[in-house]
Amino acid sequence: MDWQIALSEPRYLGGAAAGLLILVLAIGWWRRRRRAHPLRRLRAVALELLQDIVIPDGDGGQLHIECALLTPAGVLLIDLRDVEGHVFGSTAMQDWTVLADRRRFTFANPQHAMLDRVAAVKRLLPDNEIRGLVVFTPRARFTKGLPEHVAELDTLIDELRRDASAPEAVGLREAWDRLRSEAVTAQVGRLIDN
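For every chain, the first residue of the written sequence is number 1, and numbering continues from 1 onward in sequence order. Note on the predicted model: pLDDT of at least 70 is required for a residue's local features to be given, and 80 or more for side-chain atom pairs to be given and counted; whole-chain, interface and lining totals, by contrast, use all residues. In computing side-chain values, all of the structure's heavy atoms are included and hydrogens and water are not.

## Things to note about the sheet that holds strand E3 (residues 74-81)
Following DSSP output, two strands are said to pair if at least two bridges run between them. A run of DSSP states H or I qualifies as a helix once it reaches four residues; a run of E qualifies as a strand once it reaches two. Both are numbered from the N-terminal end. Reading across the sheet, the 5 strands line up as E1-E2-E3-E7-E9 and stay open at both edges, with mixed pairing between neighbours. Edge positions in the sheet fall to strand E1 (48-56) and strand E9 (150-152), since each has one partner strand and no second. Each adjacent strand pair in this sheet contributes to an overall mean axis angle of 40 degrees, direction not counted. In the sheet, E3 pairs with strand E7 (residues 130-136) via 7 bridges, with the strands oriented parallel. Directly across from leucine 80, in E7, lies its bridge partner valine 135. Contacts from helix H4 (residues 110-124) reach E1, strand E2 (62-71), E3, E7 and E9 within the one sheet, and its direction differs from that of E7 by about 150 degrees. Should any heavy atoms of two residues lie within 4.5 Å, those residues are counted as being in contact. Orientation is described by lines fitted to C-alpha atoms, with helices fitted over the stretch in contact, and by angles between N-to-C directions that extend from 0 to 180 degrees. Along the sheet face, helix H5 (residues 153-163) touches E2, E3, E7 and E9 and points at about 140 degrees away from the line of E7.

## Observations regarding the pairing of strand E5 (residues 95-100)
Direction of pairing for strand E4 (residues 85-88) relative to E5: antiparallel, over a ladder of 3 bridges. Paired with histidine 86 across the two strands is leucine 99, which belongs to E5. Where E4 hands over to E5, the hairpin turn is made up of 6 residues, counted between the paired strands. Sheet topology places E5 next to strand E6 (residues 103-108); 6 bridges connect them, and they run antiparallel. Within the sheet, the bridge partner assigned to threonine 97 lies in E6 and is threonine 106. If you look at the hairpin formed by E5 and E6, you'll find 2 residues sitting between the two strands, and aspartate 101 has a positive phi there, around 50 degrees.

## So, helix H3 (residues 38-45)
Quick reminder: α-helices carry 3.6 residues per turn. Residues three or four places apart thus point the same way. Residue exposure (1.4 Å probe, protein chains only): buried if accessible area is under 20% of the type maximum, exposed if over 50%, otherwise partly exposed. Where H3 is concerned, the buried positions are Pro38, Leu39, Arg41, Leu42 and Val45. Along the axis of H3, the buried positions cluster into a sector of 160 degrees, meaning they face one direction only. The reported arc concerns the directions from the helix axis to the C-beta atoms and nothing else.

## Focus on the environment of glutamate 148
Summarising the element assignment, glutamate 148 is placed in the loop between strand E8 (140-141) and E9. Each C-alpha atom, one on glutamate 148 and one on leucine 133, is 8.6 Å from the other, the two residues being 15 residues apart in sequence. Among all residues touching glutamate 148, those that are not within four sequence positions of it are Thr91 and Gln111.

Here you go:
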């Protein structure tokens with residue numbers, strides 16, 4: 001049967017339309033799934049993940065860490081940001097701006113708080129590689145380029161997936177256990193003080 005004749009018949013045309021609809025819905029579902037659940041996506045590529053932990057800051061106080069990942073290279077601290085629109089920010093700016101449709105809002109430069117968190121974890125784990133990133137979901141767009149210590153979620157996931165097969169740094173598990181222990185101790189202390 002000639003394919004042009006087959007497409008002119010209603011039963012084949014309906015099947016083609018249904019197939020196209022299913023394809024469009026599947027692509028939409030896939031995009032929504034990629035955008036949703038950033039922590040689930042990070043957990044899938046990390047060796048281990050700690051979420052919403054509190055650690056001592058080294059000055060008698062405590063710092064909240066949204067997410068700490070154990071990677072083969074070391075510990076990666078993450079501050080997740082889910083904003084929609086064009087983000088304008090740099091290391092030198094005190095406030096960053098988001099422009100979306102007809103809305104505009106600002107938030108404090110997140111780099112400084114991340115560097116404080118990295119310094120606190122380095123005090124706990126001095127002989128280990130500690131990195132910190134402010135990670136934005138795909139809804140954020142950086143038209144002027146990414147500032148220092150900032151990453152896009154999809155790019156970071158791809159990087160972590162590539163690095164997953166690398167050998168673990170020496171002493172990394174012991175350091176991770178020490179971080180987990182400090183987080184539990186700080187959390188218990190916080191609950192007792194309240």
